[in-house]
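Breakdown of the fold
Residues per chain are reported as follows:
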Amino acid sequence: MISSLDCGGRLLSLHRPRVMGVLNVTPDSFSDGGRFIGAPAAIEHARAMQAAGAGIIDIGGESTRPGSTGVSVQEELDRVIPVIEALKDRVDLPLSVDTSKPEVMRAAAAAGAGLINDVMALRRPGSLEAARDTALPVCLMHMQGTPASMQDDPVYDDVVTEVRAFLEQRLDVAQRAGIPASRLLVDPGFGFGKRDPHNAQLLAQLPVIGELGFPVLTGLSRKSLVGRVLGRALPDRLAGSIAAAALASWQGAAIVRAHDVAETVDAVNLMEYVRAQGGND
Ligand SMILES: Cn1cnc2c(O)nc(N)nc21
């Protein structure tokens, strides 16, 4: 397993679990839609997340919450590129771009992004080549269906086996396209075409995904899984999100994507201490 990622010149050490801070620059994201549109607000929030201990900032211009229908290339570029340009010299962290569009991947890399976070695992036409050409690390995430319909009726015979097989296939395709293994990460895609039992099985058996031998990224922060299982509305999902982040970290996640950075950093740091001192590995 690699121990650090070269994110466009900025190194992200993976010797300990890291937190990816969420910066949505969309008006309709499920958790904080509209709060960070425009560079000034985005800069303030990104710097706050850096101060809180984030290892990387994830910038997304198109909501991928269940039911979302996507935005045009130009709209996504208009939202994301100015923020990357504004942040790259004001935040001393790698910036990941949350996109599935090859045009946005290329423009974001040119603007200073250091990692590509693709919820479609490079399945869009042109995205394999774009990701390869950027020479940036790429997170390949599993999704069943599309955000517009993925939660209608997700069905699996064995979700862990099927998600692992999907990721294995995307890893193979990416490497055959010329993206070296050292630049690849995987993500089971919690909430992306999964019912709560599916999400629970993926979390309980996360080491099966880790056995692929690539850094695992997970995102459970404030998601409906936490809300439905605990009966918590969106503003009341901090405790559940922290519990999920701690569990994902304990189960081997190298990067945990989160809205509440300071609290999540504490959770994963405690897990790391116990792992380091616990001695039962
Ligand atoms: C953009 N986005 C929303 N949820 C996510 C998750 O769980 N993983 C990754 N890689 N990206 C996500």
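Higher on the page you've got the structure.
Residues numbered from 1 in each chain as written. Predicted model: local features only at pLDDT ≥ 70, side-chain atom pairs only at ≥ 80, totals over all residues. Heavy atoms only, no water.

Digging into the pairing of strand E10 (residues 255–258)
- Across the two faces of E10 the burial is the same, with Ile255 and Arg257 and Val256 and Ala258 all buried.
- The sheet contact formed by strand E3 (residues 18–24) and E10 spans four bridges and is parallel. When the sheet's bridge partners are listed, Arg18 is paired in E10 with Ile255.
- Both strand E9 (residues 217–219) and E10 contribute to a ladder of three bridges, which runs parallel. Each residue of the ladder has a partner; that of Gly219, found in E10, is Arg257. (Buried < 20%, exposed > 50% of the residue type's maximum accessible area, 1.4 Å probe, protein only. Helix = DSSP H or I, 4+ residues; strand = E, 2+ residues; numbered from the N terminus. Pairing = 2+ DSSP bridges.)

Some details on the pattern of salt bridges
- Applying the stated criterion across every chain, the model contains 13 salt bridges.
- Residue Asp153 pairs with Arg195 through a salt bridge whose shortest N-O separation is 3.1 Å. Note that Asp153 is positioned in the loop between strand E7 (138–141) and helix H5 (159–176) and Arg195 in the loop between strand E8 (184–187) and helix H6 (196–204), a separation of 42 residues in sequence.
- For Asp153, a relative accessible area of 52% puts it in the exposed group.
- The partly exposed category is assigned to Arg195, whose relative accessible area is 36%. (Salt bridge = Lys/Arg side-chain N within 4 Å of Asp/Glu carboxyl O.)

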